[in-house]
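This is what each chain is made of:
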Amino acid sequence: QVQLVESGGGLVQPGGSLRLSCAASGSIENIYAMGWYRQAPGKQRESVAISTSVGSANYADSVKGRFSISRNNGKNTVYLQMNSVKPEDTAVYYCNALIRSRGAMPVSDYWGQGTQVTVSA
């Protein structure tokens, strides 16, 4: 079994900063892409930032220059540093990872439970 557990959400004022963490655990052979998605009330889930298996990062246009994704492969952890946050960043943030479990299993898509980020004065 593989689990993704997020932490670091909460209430932050506009212009402030927040750091999200997501740790993968379980029977893991290899982790490929890891990333963050978000879903605001009444809206579809959207990609925020993706860290690829070759070390590159892709960002949604709405967060470029403000958010930064990083990984600690030794800890199977991905982070999202959120700076200069805006009220429109308010959403539930979900961690996602493409993982191959031990035992020659196929690569599968895993999701965390989500963490609420609220940007408000």
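The structure this text deals with has already been given above.
Source: prediction; values computed, not measured.

(A) Examining the packing of aromatic side chains more closely. A full pass over the atoms with the stated rule returns one aromatic pair. Plain terms: the ring middles of tyrosine 37 and tryptophan 111 are 5.0 Å apart, the flat faces sit at 65° to each other, and that makes the pair edge-to-face. Here tyrosine 37 is found in strand β4 (residues 28-39), whereas its partner tryptophan 111 is found in strand β10 (residues 107-111), with 74 residues between them in sequence. Overall, the relative accessible area of 35% leaves tryptophan 111 in the partly exposed class.

(B) View of the environment of serine 108. Its place among the elements puts serine 108 in strand β10. A residue is classified by how much of its surface remains accessible, and serine 108, at 27% relative accessible area, is partly exposed. Every residue in contact with serine 108, bar those within four places of it in the chain, is listed here: Ala97, Leu98 and Ile99.

(C) Structural view of the pairing of strand β5 (residues 46-51). Bridge count between β4 and β5: five bridges; the pairing is antiparallel. Within the sheet, the bridge partner assigned to tryptophan 36 lies in β5 and is alanine 49. With three bridges connecting them, β5 and strand β6 (residues 57-59) associate as antiparallel partners. Directly across from serine 51, in β6, lies its bridge partner alanine 57. With antiparallel pairing between neighbouring strands as the criterion, β5 and β6 make up a hairpin whose turn holds five residues, including glycine 55 at a positive phi of roughly 95°.

(D) A look at the nonpolar core. Judged by nonpolar contacts, the single largest core of 30 residues is most densely connected at Trp36, Leu80, Met82, Tyr93 and Ile99. Per-element accounting of this core gives the leading share, five residues, to strand β9 (residues 91-101).

(E) Representation of the side chain of glutamate 6. Here glutamate 6 lies in strand β1 (residues 2-7). Although buried, glutamate 6 forms no salt bridge, and the nearest oppositely charged side chain, arginine 45, lies 7.8 Å from it. From its side chain, glutamate 6 meets the backbone nitrogen of glycine 114 in a polar contact 2.6 Å long.

(F) Region of interest: the pairing of β10. In the sheet, β9 pairs with β10 via five bridges, with the strands oriented antiparallel. Among the inter-strand pairings, leucine 98 is bridged to a residue of β10, identified as aspartate 109. Two successive antiparallel strands, β9 and β10, enclose a turn made up of five residues, where glycine 103 displays a positive phi of approximately 100°.

Definitions and limits used
Residues numbered from 1 in each chain as written. Predicted model: local features only at pLDDT ≥ 70, side-chain atom pairs only at ≥ 80, totals over all residues. Heavy atoms only, no water. Phe/Tyr/Trp six-rings, centres within 6.5 Å; stacked < 30°, edge-to-face > 60°. Helix = DSSP H or I, 4+ residues; strand = E, 2+ residues; numbered from the N terminus. Buried < 20%, exposed > 50% of the residue type's maximum accessible area, 1.4 Å probe, protein only. Contact = heavy atoms within 4.5 Å. Pairing = 2+ DSSP bridges. Core = buried A, V, L, I, M, F, W, Y, C linked by side-chain atoms within 4.5 Å. Lys, Arg positive; Asp, Glu negative; His and termini not counted. Salt bridge = Lys/Arg side-chain N within 4 Å of Asp/Glu carboxyl O. Polar contact = N/O pair within 3.5 Å; in protein donor to acceptor, adjacent residues only side chain to side chain.

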